[in-house]
Every structure is written in C-alpha cells, then in structure tokens.
Amino acid sequence: MILLFFFKRNYVFFFFQAEDGIRDRSPSRGLGDVYKRQGIGIKTVSCFIAEVGDIGRFDNPKQVQKLAGYAIVADSSGKHNGESRISHRGRKRLRYALYEAAISVIGKNKEFKEIHSYYRTREKNPLKKMQSVIAVACKLIRIFYTILTKGVDYDSQKMLNDIVRPEIQLAA
C-alpha cells in the first residue's frame, strides 16, 4: 500500500493505492474529487501540486499558466506580424503533465470533448488540433486554480456555460 500526503493551504489530500485502485480518503474538498470525475490520474494531480507549490502565492490563473510556459507570445518585429505561439518558458514537467491531462480529458470526458470540438469548428478563428489541446490544458489550469483557491466543487455545466458562443446568443 502506498500512502501520499499533500498539504496545501487549507486542504489535506490523502491518497492510497489498494488492490482495487486509487481511492481518496480526504475529508476536505480538493482535487481528489476532480481526478475521479474528469479522467485525470493521480500522477497528474500530484505533479500539478508538486510543480506549482503553494497556490496561494498566485493572484490569478494567468500566473500559473505563465509558470507552465503556456503564456502566449507574439512573433513580431517592426511592421512584421508573425504568428502567436506559446512561450515554452516555464516548467517543462508541468507543461507535459497538463498536456497529457488535456489529451486524457478530451478522450474520456464529454464536456471537454465538446469544448475541444467547439474550438476546432467555431466560425470565427477556429483553432488547429494542437492549439485546441493547449487551450483545453489552460482551461484545466483555471479549473484547478479555482478549486484550490475558492474551495468550490467541480461543476461541468458551469464550465460549459463560461464559454461565450455568439451562435447561441444570436438564437436567443
């Protein structure tokens, strides 16, 4: 049996591996409930917590996004406007864990699959496949940040309603 402890601000995470799988024995809220519902593994959760450290030192999720190297930078000089891309200036292991988590939730979670297909097929500025996966990884950062700082439970319907879709607004 493997027992792991994580102490983050007001949260204590207890995970242990038994013969029939990984279970969460935490009396408090946290990412333990998220990984069971979204298709995110225990390794991803532990890697996120280990790489980010104390989540309270960040004022907003954009700072965590920058720590992971997912900040958007423009390749421009003078009158030349190049393509925007991610900076890759951050923690490689965190970026890899979030990328793998994004691939996993796109495949296993219908809400994230819907977000991924929306990003790929929207009328204005559709994203390529890899760009959409990175956008989903950044969405995971925002979800993890909100759960850890505010202590709220994961709500898939709220996550889907946060996306502004002009097609639905015109129909209403």
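In this text the structure is predicted, and so the values were computed from the model without any measurement. (Residues numbered from 1 in each chain as written. Predicted model: local features only at pLDDT ≥ 70, side-chain atom pairs only at ≥ 80, totals over all residues. Heavy atoms only, no water.)

Engineer: Explain the overall build of the chain to me, and be specific about the residues and the numbers.
Structural biologist: What the chain contains, in helices and strands, is eight helices and five strands. The N-to-C order of helical and strand elements in the chain reads β-β-β-α-α-α-β-β-α-α-α-α-α. By residue count, 43% of the 172 residues in the chain fall in the buried class. Restricting the contact set of the chain to residue pairs at least 6 apart, pairs at least 24 apart contribute 51%. Looking at the chain as shown, the accessible area adds up to about 10700 Å², and 51% of this sits on carbon and sulfur atoms. (Helix = DSSP H or I, 4+ residues; strand = E, 2+ residues; numbered from the N terminus. Buried < 20%, exposed > 50% of the residue type's maximum accessible area, 1.4 Å probe, protein only. Contact = heavy atoms within 4.5 Å. Areas by Shrake-Rupley, 256 points an atom, 1.4 Å probe, with all protein chains shown as cover.)

Engineer: Please give an account of the pairing of strand E4 (residues 72-77) that cites residues and values.
Structural biologist: The side chains of a regular strand alternate between both faces of the sheet. The buried fraction of E4 amounts to zero of the six residues, a small share that puts the element mostly on the outside. Taken together, the five bridges between E4 and strand E5 (residues 80-86) define a ladder with antiparallel strand orientation. Bridge assignment links Ser76 to a residue of E5, and that residue is Asn81. The turn joining E4 and E5, which pair antiparallel and follow one another in sequence, is formed by two residues; a positive phi near 65 degrees is taken by Gly78. (Pairing = 2+ DSSP bridges.)

Engineer: Pulling in residues and values, what's your account of the nonpolar core?
Structural biologist: Of all hydrophobic cores here, the largest spans 40 residues; its most connected members are Phe48, Val52, Val64, Tyr70, Leu98 and Phe112. Residue assignment for this core shows that the elements contributing at least two residues are helix H2 (42-52), helix H3 (61-67), helix H4 (92-108), helix H5 (110-121), helix H6 (129-150) and helix H7 (156-161). The biggest single contributor to this core is H6, with 13 residues. Sequence-distant contacts of Leu98, that is, excluding residues within four places in its chain, are made with Phe48, Ala68, Tyr70, Ala137, Leu140, Ile141 and Phe144. (Core = buried A, V, L, I, M, F, W, Y, C linked by side-chain atoms within 4.5 Å.)

Engineer: Could you give an account of the packing of aromatic side chains, with specific residues and numbers?
Structural biologist: Going through the model one piece at a time under the given rule, you end up with two aromatic pairs. Considering the side-chain rings of Phe48 and Phe144, the 4.8 Å spacing of their centres and the 65 degrees angle between planes classify their relative orientation as edge-to-face. Residue Phe48 is found in helix H2, and its partner Phe144 is found in helix H6; the two are separated by 96 residues along the sequence. Taking relative accessible area as the criterion, Phe48 reaches 2% and is therefore assigned buried. Its relative accessible area of 0% is what places Phe144 among the buried residues. Relative to Tyr119, the ring of Tyr118 has its centre 6.0 Å away and its plane inclined at 45 degrees; by these criteria the two rings are tilted. The class for Tyr118 is buried, based on a relative accessible area of 11%. (Phe/Tyr/Trp six-rings, centres within 6.5 Å; stacked < 30°, edge-to-face > 60°.)

Engineer: Explain the side chain of Lys139 to me, using residue names and the numbers behind them.
Structural biologist: The topology assignment puts Lys139 in helix H6. The exposure class of Lys139 is buried, given its relative accessible area of 8%. The residues contacting Lys139, other than those within four sequence positions of it, are Phe112, Ile115, Met159 and Asp162.

Engineer: Pulling in residues and values, what's your account of the packing of H4 against H5?
Structural biologist: Axis separation between H4 and H5 bottoms out at 6 Å; the angle between their running directions is 105 degrees. Considering the angle they form, H4 stands roughly perpendicular to H5. Residue-level inspection shows Val105, Ile106, Gly107 and Lys108 of H4 in contact with H5, the latter providing Lys110, Phe112, Lys113 and His116. Looking at the contact of H4 with H5, its residues break down into three nonpolar, two polar and three charged. (Axes fitted to C-alpha atoms, helices over the stretch in contact; angles between N-to-C directions. Parallel < 35°, antiparallel > 145°, perpendicular 65-115°, else oblique. Nonpolar A, V, L, I, M, F, W, Y, C, P; charged D, E, K, R; others polar.)

Engineer: Tell me about the confidence of the model for the chain, and name the residues and values.
Structural biologist: Averaged over all residues, the pLDDT of the chain is 77; the fraction at 70 or higher stands at 73%. Counted against residues more than four places away or in other chains, residues 1-29, with its pLDDT under 50, gives 69 contacts. (pLDDT = per-residue confidence, 0-100.)

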